[in-house]
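So you can see what is in the structure, the chains are spelled out below.
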Amino acid sequence: MAFAQPFPLAAAVQKTQQPTFGPDLAVRLICPECRDPNPNIVEEFGSGDLVCGSCGLVLGDRIVDTRSEWRTFANDEGDDPSRVGAASDPLMEGIEQLDTLISFRDGGTGIARELQRAASRSQSSRSERNLLTAFRDIGSWCDQFSLPKTISDIAKQLYKRSDEEKLLRGKPLEAVIAACIFIACRQAHVPRTFREICNLTHVSKKTLGQCYKALEQAFNLSPGATAQSNANGSNPTTGPENLLVRYCNHLDLPANVQSICGDIIVAARKHGVADGRSPVSIAGGAIYFTCHLLGKPKSSRDISVVAGVSEGTIKLVYRLYYQDKEKLVKEEWITEGRADMDRLPVDR
């Protein structure tokens, strides 16, 4: 005859009853000033005080607010969303935003890795995992580039739309993300050059250009569609005058240098000086020209490091500006003593 337990005890052990603790409902909080048997105690969460509603005596301070963090309308939206994680992301609509993380510590048995694979397969599909990975990369790259959150959100919207419509099937994920960030910068009036995006994402300029052209045609982003064109027909978001703000800040130049340099670029475009050059080259050459004109010279090496172009390109644009300096420099700058064309080097 088998026993219920292999080694039964000789005598049953008497289990002691553990004492239970609970709040004493007979204790009431009464104001010591008015001593009302039916006290009117008010919790003022705005100031964190516990106040008697009858006489105004402060009975306690630093009261913790235990209410929800935001207003909810449970009858309209279902369950109360208070304290269930971060705010919902409209870009992740239809995708489960709460993840289950499994620890790697399994004593070397390998069970944790298998559980992680099973959890990832059951929680989301492959397309959802790719979308989450792309959103994570966009956020990290925008943070590395010191771009605001608005650009990150625009890039995520562009990528989600391109992924839903299968616009860039077969293209590398990094190239698609880089093209979305570039377009988002143009739409948000925060210009970034192709070279800067390529250095950030390590994507070749050719691949980035192909993805950008495909998205430009699909989203109808012709030059001037993301911003109003000026009178001369150039796009202000990619013009050299819009690159001056960052370049002058990196070179520690005063504000008057930036304003005069912008006027010189506009005058050069009006007279057709240095047409066909890239905006980065024109910006670097114009800064070099303006710094010497105002008596605050900067070396071509410093400008080339900031602008990302060679010193020869900067000096070539400078020579083109120097040949037509009478057309670019205003007479009022000279009469006011701010500019002097004699400071310009003949050939550098």
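No experiment lies behind these values; they were computed from the predicted model shown. (Residues numbered from 1 in each chain as written. Predicted model: local features only at pLDDT ≥ 70, side-chain atom pairs only at ≥ 80, totals over all residues. Heavy atoms only, no water.)

What to know about helix α5 (residues 173–187)
Move 1: Taking 1.5 Å per residue, 15 residues should reach 21 Å; α5 reaches 21 Å between its end C-alpha atoms and fits that length.
Move 2: Within α5, twelve of the 15 residues are buried, leaving the element largely enclosed by the surrounding structure.
Move 3: Among the residues of α5, Ala175, Val176, Ile177, Ala178, Ala179, Cys180, Ile181, Phe182, Ile183, Ala184, Cys185 and Arg186 are the ones counted as buried.
Move 4: His189 sits one or two residues past α5 and shows a positive phi near 60 degrees. (Helix = DSSP H or I, 4+ residues; strand = E, 2+ residues; numbered from the N terminus. Expected span 1.5 Å × (residues − 1). Buried < 20%, exposed > 50% of the residue type's maximum accessible area, 1.4 Å probe, protein only.)

As for the sheet that holds strand β1 (residues 41–44)
Move 1: Taken in spatial order, the three strands line up as β1-β2-β3 in an open sheet, and their pairing is antiparallel. Two strands in the sheet have a free side with no partner beyond their single neighbour: β1 and β3 (58–61). The mean inter-strand angle of the sheet, taken between neighbouring strand axes irrespective of direction, is 20 degrees.
Move 2: Where β1 and strand β2 (residues 49–52) come together, four bridges link them in antiparallel fashion. Each bridged residue has a counterpart across the sheet, and for Ile41 the counterpart in β2 is Cys52. (Pairing = 2+ DSSP bridges. Axes fitted to C-alpha atoms, helices over the stretch in contact; angles between N-to-C directions.)

Some details on helix α8 (residues 240–250)
Move 1: Looking at α8, one finds that the buried residues are Pro240, Glu241, Leu243, Leu244, Arg246, Tyr247 and Cys248.
Move 2: Where the residues of α8 are buried, they touch α6 (194–201), α9 (255–271), α10 (279–293) and α11 (300–307). (Contact = heavy atoms within 4.5 Å.)

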